[in-house]
Amino acid sequence: MDKFTLQLPAGYAGGTPVLVAFSGGADSTLLLHLLHRAGIKLYAAHVHHGIRGKQADADLDFCRQTCCKLGIPLFAIRINAPALAKKRGQSVETAAREARYRHFARLMKQHNIPLLATAHHADDNLETLLFRLCRGTGTRGLCGIAALAQLPGTTADESLCVFRPLLHLTKKEILHACEARGISYVTDETNACDDYARNRIRNRVVPELEMLFNHPQHAAAEQPQGQVEQAHRHHTRQ
């Protein structure tokens with residue numbers, strides 16, 4: 001099996017429906033196409049965060065067009081992340097993330113979808129390890145992103161899980177795969193700014209590490225993955 005052939009997590013029946021977190025960027029667009037090619041029953045959810053104005057509107061239009069071509073139902077979600085952040089005393093990034101998962105959980109319960117697929121990849125995994133290390137995590141926090149875990153913000157008895165089938169791919173591999181397959185995607189210009197700590201790690205620290213070490217993303221992928229066994233134990237589908 002090649003690295004671009006995806007399948008459901010072990011223990012989930014072939015007809016299990018999946019909700020794809022679909023931003024329209026290269027990562028989630030490739031994920032959507034690869035899962036569609038695998039014949040998995042898909043739904044997609046796009047979150048308009050109320051931040052980037054007309055560019056965000058254009059991203060939503062792109063996602064609608066892509067899902068229409070592939071025959072995948074799309075749920076369009078609109079939130080006002082800055083207003084939520086102010087109300088809750090959180091960063092915009094944290095408020096947006098929590099709101100996304102609340103809406104994902106609602107849709108999954110409403111449509112009986114047990115799995116959410118997100119496009120986290122090897123670079124995200126490395127950034128997460130660095131972020132946790134620099135914040136002073138203990139040994140428990142020094143683990144990679146889980147390939148399968150309980151959906152954030154839900155309880156174990158809700159049996160909703162998130163899985164991340166692109167963790168073995170680097171960002172460069174994802175971009176090359178999109179180019180090779182003629183897959184169009186949108187670009188969020190805010191990813192290039194350094195307003196957020198994670199963006200600074202991505203844009204400044206990781207390139208330096210790549211100059212010092214050979215494929216640090218793959219080295220990070222060899223670290224233990226948090227919550228995988230626990231999620232599998234509580235949420236396996238036969």
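Scroll up a little and you will see the structure.
Attention in this report is confined to the structure presented alongside it.

Procedures and definitions
Residues numbered from 1 in each chain as written. Predicted model: local features only at pLDDT ≥ 70, side-chain atom pairs only at ≥ 80, totals over all residues. Heavy atoms only, no water. Core = buried A, V, L, I, M, F, W, Y, C linked by side-chain atoms within 4.5 Å. Buried < 20%, exposed > 50% of the residue type's maximum accessible area, 1.4 Å probe, protein only. Helix = DSSP H or I, 4+ residues; strand = E, 2+ residues; numbered from the N terminus. Pairing = 2+ DSSP bridges. Axes fitted to C-alpha atoms, helices over the stretch in contact; angles between N-to-C directions. Parallel < 35°, antiparallel > 145°, perpendicular 65-115°, else oblique. Contact = heavy atoms within 4.5 Å. Nonpolar A, V, L, I, M, F, W, Y, C, P; charged D, E, K, R; others polar. Polar contact = N/O pair within 3.5 Å; in protein donor to acceptor, adjacent residues only side chain to side chain. Right-handed = clockwise from strand over helix to strand, strands pointing away.

**As for the nonpolar core**
Val18, Leu32 and Leu35 are the most contacted members of the largest nonpolar core, which has 34 residues in total. Contributions of two or more residues to this core are made by strand E1 (18-21), helix H1 (26-37), strand E2 (42-48), helix H2 (53-70), strand E4 (115-117), strand E6 (161-163) and helix H6 (171-181). Counting 21 residues, the second largest nonpolar core, distinct from the first, contains Tyr101, Ala105, Ala149 and Leu151.

**Quick look at unusual backbone geometry**
A positive phi angle, close to 55°, is found at asparagine 112, a residue other than glycine. With respect to the element layout, asparagine 112 can be found in the loop between helix H4 (92-110) and E4. Classification of asparagine 112 by relative accessible area gives exposed; the value is 65%. Positive phi, close to 55°, is recorded for serine 159, a residue that is not glycine. Residue position: serine 159 is located in the loop between strand E5 (148-150) and E6.

**Section: the sheet that holds E5**
With respect to topology, 6 strands assemble into an open sheet ordered E3-E2-E1-E4-E6-E5, the strand pairing being mixed. Sheet topology places strand E3 (74-78) and E5 at the edges, where each strand pairs with a single neighbour. When the angles between neighbouring strand axes are averaged without regard to direction, this sheet yields 25°. Judged from the 3 bridges that link them, E4 and E6 form a sheet pairing that is parallel. Among the inter-strand pairings, alanine 117 is bridged to a residue of E6, identified as phenylalanine 163.

**Points about the packing of H1 against H2**
Packing of H1 against H2 leaves a shortest axis separation of 12 Å and a crossing angle of 10°. One way to sum up the angle between H1 and H2 is to call them roughly parallel. In this structure, H1 uses Thr29, Leu32, His33 and His36 to contact H2, whose residues at the interface are Phe62, Thr66, Cys67 and Leu70. When its residues are assigned to classes, the contact of H1 with H2 shows 4 nonpolar, 4 polar and no charged.

**Quick notes on the packing of helix H3 (residues 81-88) against H4**
Between H3 and H4, whose axes approach to 8 Å, the crossing angle comes to 105°. Put simply, H3 runs roughly perpendicular to H4. Residue-level contacts link Ala81, Pro82, Leu84, Ala85 and Arg88 of H3 to Val92, Ala95, Ala96, Ala99 and Arg102 of H4.

**Some points on H3**
Between a side-chain oxygen at the N-terminus of H3 and the backbone nitrogen of alanine 83 the separation is 3.1 Å; the capping residue is asparagine 80. Downstream of H3 by one or two residues, glycine 89 has phi in the positive range, about 70°.

**A closer look at the pairing of E1**
The alternating pattern of E1 places Val18 and Val20 and Leu19 and Ala21 on opposite faces, both of which are buried. In terms of strand pairing, E1 meets E2 through 4 bridges, oriented parallel. When the bridges of E2 are listed, alanine 21 appears paired with alanine 45. Following the chain from E1 across H1 to the adjacent parallel E2, one finds a crossover that is right-handed. In terms of strand pairing, E1 meets E4 through 3 bridges, oriented parallel. Along E4, the bridge assignment pairs valine 20 with alanine 117.

Interpretation note: all reported values are geometric properties and have no functional meaning in isolation.
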